[in-house]
Amino acid sequence: MKWKGRHIVTWSGFYLLLLAILTATAPFLTFYGPLEVNLDAVLEPPSASHLLGTDELGRDIWSRLLYGGRVSLTVGFAAMLVSLFIGVSYGALSGFIGGMVDRFLMRVVDTLLSLPSIIVIIGLQVFFPKSMLTIMLLIGLTSWMPIARLIRAEVLSLKGEIFVQASAVVGASPHHLLLRHVLPQTMPTIAVMAIGGVSHAILTESTLSFLGIGIPPHEASWGNMLTGVQTYILSGGWWVALFPGICITLTVLAVTFIGDRMQDRFALPQLKGGESI
Amino acid sequence: MGRFIVTRLSETIATLLLGNILCFTFLRLLPGDPAVAMYGEQFLRLSEADQQRITENLGLHEPIYSQYMKWLGSVLHGDFGHSYRTGEQVSTIIARAVGPTILLMLAATLLILVISISLGILSGLKRHSAIDHAITLGSFVFMSIPTFWFAIMLMLVFSVHLGILPSSGIGKGGLLDWLKHLVMPATVLALSHIGYYIRILRNHLALTINKDFIWAMRVRGLSTAAILWRHLLPNVSVPFLSYVGMSFTLTLGGSVVIESIFSWPGLGRLTLDSAIGHDYPVIMAALLLTLSTVVFGSFLIDLVCAWIDPRVRKSILHKEVTSR
């Protein structure tokens with residue numbers, strides 16, 4: 001992305017900043033509450049009173065977009081933190097301990113990677129109450145494996161580096177070696193995986209909410225604004241489906257552009273391509 | 001090569017075993033009594049003794065490991081039990097759903113390979129040209145669109161406004177009708193995954209094209225076509241193929257969503273419905289089938305990679321040695 005690359009990244013950053021400001025100041029920018037039902041104004045097309053139209057319960061779509069953005073962004077960020085935490089600890093331990101333990105732990109990762117995460121989440125979600133917290137946890141719990149794999153590979157090779165060996169020779173504890181010498185070296189990888197994690201989490205949240213097993217319907221999110229939307233588009237209500245989808249796409253796209261640029265900057269060839277989550 | 005096959009095969013079997021133990025334990029731990037799922041709410045209104053008798057008949061009173069051993073035993077004999085919801089043989093239900101899914105996956109994979117190989121090569125050979133930027137931008141956009149929304153938008157255009165493609169189901173009469181039903185689901189499935197394939201191919205091509213041995217050939221006056229077919233593509237095919245193997249799970253996961261939206265009577269939709277209805281025998285069979293397909297698929301792809309590139313053979317055999 002040399003071509004206009006910098007511009008695209010700037011625009012992406014600008015868009016995300018704008019989005020953050022808009023969602024944070026949502027109460028000042030909307031005339032209707034996100035949950036305000038108005039059965040006299042059901043499925044109204046975009047107009048002066050309802051900027052982006054209304055949905056099947058007469059709720060204002062502009063307002064729901066802004067409040068829903070809060071949910072989607074929060075879930076995206078929090079789920080990324082969960083998966084980063086599990087992935088980095090698991091991968092670092094596996095690589096650092098090595099031997100049979102490492103082999104076993106990596107077999108587990110291989111196995112988990114072979115199961116479609118959406119099905120695993122659908123299975124797991126019955127354990128938990130339906131809430132935003134659940135969704136963050138579940139997305140985090142099902143997306144840490146690629147991070148663990150990469151971190152493990154880096155830790156394995158870093159373990160043999162002279163500066164780590166030297167520190168071990170003068171008596172540094174394994175704990176000290178891992179936290180002070182090995183892990184800081186993996187920071188670029190962690191940063192790039194974190195960015196990939198955010199877009200994965202936003203997309204997964206929207207898919208789950210769309211299927212009706214994500215964010216509960218009483219809270220607006222970009223995903224659950226699209227639940228059951230097939231019925232309304234069949235009767236011509238395109239605006240119900242169009243705007244939330246555009247928001248998701250643009251946000252994920254902006255995050256992806258920034259991640260791609262970071263990858264180039266840190267020159268991480270092993271990440272090049274699609275080995276994100 | 002022999003040692004390579006043995007090593008990879010034992011890993012494959014270990015993964016399979018571990019996977020189905022995990023699935024089984026996890027599914028049995030779920031709340032929601034399978035007996036209730038089978039007989040509905042009226043099960044709770046039965047007398048204590050009747051409830052117990054039914055639970056024992058289903059084998060649900062035994063400890064979980066013996067339930068698993070029993071289940072594994074019958075699975076190895078091809079018996080997956082009966083569906084809790086419909087009482088039908090699980091193998092019959094699965095067999096019915098496999099066909100449509102294979103069809104969808106084949107169509108999508110074909111689209112993915114044709115489009116991504118041609119665009120990836122084009123993009124990699126003409127790096128930093130306008131066409132490369134357009135392809136790059138396009139692949140990023142398709143990576144970012146939520147699959148389900150993309151499906152809905154296509155439906156809006158082709159089924160609602162233009163009315164030329166059916167929005168749900170699988171065709172019944174004739175080849176044309178059947179193709180019409182297949183076009184949208186397969187396109188959505190393919191396009192939502194295509195970005196990664198194009199990026200992989202492009203980036204590896206871009207890395208390889210600047211290697212000294214390629215320059216040496218240029219200097220000797222070999223044509224671009226000859227270099228591409230004889231030297232660049234074999235080098236790039238290994239990372240590309242191993243990504244194809246790895247991402248098979250993603251495509252299968254994507255088919256869950258797509259099959260639900262387009263009411264495609266396949267495995268993905270079956271799994272989703274069964275998971276929501278707590279139909280354990282069906283979920284287990286479907287998951288096991290998915291797991292085996294993915295694991296064996298990546299085993300086969302590794303074999304092909306090892307056959308193409310001797311370095312792959314070495315890297316797997318000496319994983320422990322070299323990585324230290």
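Throughout this description, residue numbers start from 1 for each chain and increase along the sequence as written. Following the order in which they are written, the chains are lettered starting with A and the ligands numbered starting with 1. Residues qualify for local features only when their pLDDT is at least 70, as the model is predicted, and side-chain atom pairs are given and counted only at 80 or more; totals for whole chains, interfaces and linings, by contrast, use all residues. Side-chain metrics in this entry use all non-hydrogen atoms of the structure; hydrogen atoms and water are not considered.

Describing the overall build of chain A
Selection rule: Helical segments are the DSSP runs of H or I of at least four residues, strand segments are the runs of E of at least two, and each set is numbered from the N terminus. Burial classes: relative accessible area under 20% of the type maximum marks a residue as buried, over 50% as exposed, and values in between as partly exposed (1.4 Å probe, protein chains only). Residue contacts follow a heavy-atom distance rule, with two residues in contact if any of their heavy atoms lie within 4.5 Å. All tallies of charge rest on Lys and Arg as positive and Asp and Glu as negative; His and the ends of each chain are not included. Just so you know, the charge point we use is NZ for Lys, CZ for Arg, CG for Asp and CD for Glu.
Of regular secondary structure, chain A possesses twelve helices and zero strands. The principal-axis extents of the C-alpha atoms in chain A amount to approximately 75 × 45 × 30 Å. Taking all 277 residues of chain A together, the buried fraction comes to 55%. Taking the contacts inside chain A whose residues are at least 6 apart along the sequence as the reference set, 70% of them involve residues at least 24 apart. Put simply, chain A has 16 plus and 15 minus side-chain charges, and the middle of one group is 13 Å from the middle of the other.

Details of the overall build of chain B
To keep it simple, the criterion reads: Surface exposure here means Shrake-Rupley accessible area, sampled with a 1.4 Å probe, where a residue is shielded only by the protein chains that are shown.
Within chain B, the regular secondary structure consists of 16 helices and zero strands. On the principal axes, the C-alpha backbone points of chain B span a range of 85 × 60 × 30 Å. Every one of the 324 residues in chain B was classed for burial, and the buried ones make up 47%. Long-range pairs, those at least 24 residues apart, make up 74% of the contacts in chain B with a sequence separation of at least 6. With the model as given, the accessible surface of chain B reaches about 15,300 Å², and the carbon-plus-sulfur share is 67%. Each charge sign in chain B was given a centre, from 24 positive and 18 negative side chains, and these centres are 17 Å apart.

Some details on the interface of chain B and chain A
Heads up, the condition is: Reported buried area values correspond to the accessible surface (1.4 Å probe) lost by two parts on association, with both partners' losses combined. Every case where a carboxyl oxygen of Asp or Glu lies within 4 Å of a side-chain nitrogen of Lys or Arg is listed as a salt bridge. For this analysis, a polar contact is any N or O atom pair within 3.5 Å, provided that within protein one partner can donate a hydrogen and the other can accept it, and provided that sequence-adjacent residues contribute only side-chain to side-chain pairs.
Taken together, the contacts link 53 residues of chain B with 56 residues of chain A. Approximately 4,900 Å² of surface area, both sides summed, lies buried where chain B meets chain A, with 77% of it carried by carbon and sulfur atoms. The interface formed by chain B and chain A contains two salt bridges. Inspection of the region where chain B meets chain A yields five residue pairs in polar contact (both at pLDDT 80 or more). In terms of residue count, helix α1 (residues 2-29) of chain B provides more of the side of chain B that touches chain A than any other element does, nine residues in total.

Some thoughts on the confidence of the model for chain B
Heads up, the rule is: The pLDDT score gives, residue by residue, the confidence of the prediction method on a 0 to 100 scale.
For chain B, the average pLDDT comes to 81, and 92% of its residues sit at 70 or higher. Below pLDDT 50 for its whole length, residues 320-324 of chain B participates in six contacts with residues either more than four positions away or in separate chains.

Digging into the side chain of A:K159
Residue and element names in this part refer to chain A. Structurally, K159 can be placed in helix α7 (residues 145-159). Buried charge K159 goes without a salt bridge, the closest partner of opposite sign being D102 at 7.2 Å. A distance of 3.1 Å separates the side chain of K159 from the backbone oxygen of G95, its partner in a polar contact. Setting aside chain neighbours within four positions, we find K159 in contact with G95, F96, G98, V164 and Q165.

So, the packing of aromatic side chains
Note the cut-off: Put simply, two rings from Phe, Tyr or Trp (the six-membered ring, in Trp's case) pair if the centres are within 6.5 Å, and we call them stacked under 30 degrees between planes, edge-to-face over 60, tilted for the rest. Cation placement over rings: the criterion is NZ of Lys or CZ of Arg within 6 Å of the ring centroid and within 35° of the ring normal.
Under the criterion given, the structure shown has nine aromatic pairs over all chains. Look at B:Y197 and B:Y243: their rings are 5.1 Å apart centre to centre, the planes differ by 75°, and that puts the pair in the edge-to-face class. Here the residue B:Y197 occupies a position in helix α9 (residues 174-209), and B:Y243 occupies one in helix α11 (residues 224-246), the gap between them amounting to 46 residues. B:Y197 gets classed as buried once you look at its relative accessible area, which sits at 4%. Among the aromatic residues, ring-to-ring pairing joins A:W238, A:W239 and A:F243 into one connected group. A cation over a ring is seen here: B:R218 above B:W215, with NZ or CZ 5.2 Å from the ring centre.

Remarks on empty space enclosed by the protein
Short version of the rule: For each structure, a 1 Å grid was placed over the protein atoms alone; sets of points admitting a 1.4 Å probe that cannot get out are labelled cavities, open sets with protein on both sides within 12 Å along at least five of seven lines are labelled pockets, and lining residues have an atom within 4 Å of a point. Grid points are joined across faces, edges and corners, and a volume is the space filled by probe spheres set on the points. Amino acid classes used here: Ala, Val, Leu, Ile, Met, Phe, Trp, Tyr, Cys and Pro are nonpolar; Asp, Glu, Lys and Arg are charged; the rest, including Gly, are polar.
Per the stated rule, a full pass over the model turns up seven cavities of 30 Å³ or more. Computed from the structure, the largest cavity encloses a volume of approximately 60 Å³. Forming the boundary of the largest cavity are A:P116, A:I119, B:T101, B:L252, B:S255, B:V256, B:L267, B:G268, B:T271 and B:T290. Where the lining of the largest cavity is concerned, the elements lending two or more residues are α12 (248-261) and α13 (267-276) of chain B. Partitioned by chemical class, the residues of the lining of the largest cavity number five nonpolar, five polar and no charged.

Describing the packing of helix α12 (residues 238-266) of chain A against helix α8 (residues 147-161) of chain B
Note the following rule: Axis lines are fitted to C-alpha atoms, over the contacting stretch for helices. Their N-to-C directions set the angle, which ranges from 0 to 180 degrees. When the near helix sits turned anticlockwise from the far one by under a right angle, the crossing is termed left-handed; a clockwise turn instead gives a right-handed crossing.
Axis separation between α12(A) and α8(B) bottoms out at 10 Å; the angle between their running directions is 140°. In the crossing of α12(A) with α8(B), the sense of the turn from one axis to the other is left-handed. Of the residues in α8(B), those touching α12(A) at A:W238, A:A241, A:L242, A:G245, A:I246 and A:T249 are B:W149, B:I152, B:M153 and B:L156.

Focus on the pattern of salt bridges
Residues and elements named next belong to chain A. What the rule picks out here adds up to nine salt bridges over all chains. Across the salt bridge formed by R152 and D102, the nearest N and O atoms sit 2.8 Å from each other. You can see R152 sitting in helix α7 and its partner D102 sitting in helix α4 (residues 99-113), a full 50 residues away along the chain. When its relative accessible area of 1% is taken as the criterion, D102 is described as buried.

A closer look at the environment of B:I117
Structurally, B:I117 can be placed in helix α6 (residues 90-125). In this structure, the C-alpha to C-alpha distance between B:I117 and B:F240, residues 123 residues apart in sequence, is 9.4 Å.

Brief notes about α6(B)
Put simply, the rule is: To estimate how far a helix should extend, the number of its residues minus one is multiplied by 1.5 Å. At any given residue, the bend is defined as the angle formed between two axes, one fitted to the seven residues that end at that position and one fitted to the seven that begin there.
Spanning 36 residues, α6(B) covers 50 Å between terminal C-alpha atoms, matching the ideal 52 Å at 1.5 Å per step. By the largest-angle criterion, B:V98 marks the main kink of α6(B), which is about 25°, and a proline, B:P100, follows within four residues.

Comments concerning the environment of A:V240
Residue and element names in this part refer to chain A. Mapped onto the secondary structure, V240 falls in helix α12. In this structure V240 comes out as buried when scored by relative accessible area, which is 3%. Separated by 198 residues in sequence, V240 and V42 place their C-alpha atoms 11 Å apart. Among all residues touching V240, those that are not within four sequence positions of it are L43, T54, D55, I61, M225, L226, V229 and Y232.

Thoughts on unusual backbone geometry
Residue and element names in this part refer to chain B. Notably, H128 is not glycine yet its phi reads approximately 65°, a positive angle. Along the chain, H128 falls in the loop between α6 and α7 (130-144). The phi torsion at S263 lies on the positive side, around 45°, for a residue other than glycine. Inspection of the secondary structure puts S263 in the loop between α12 and α13.

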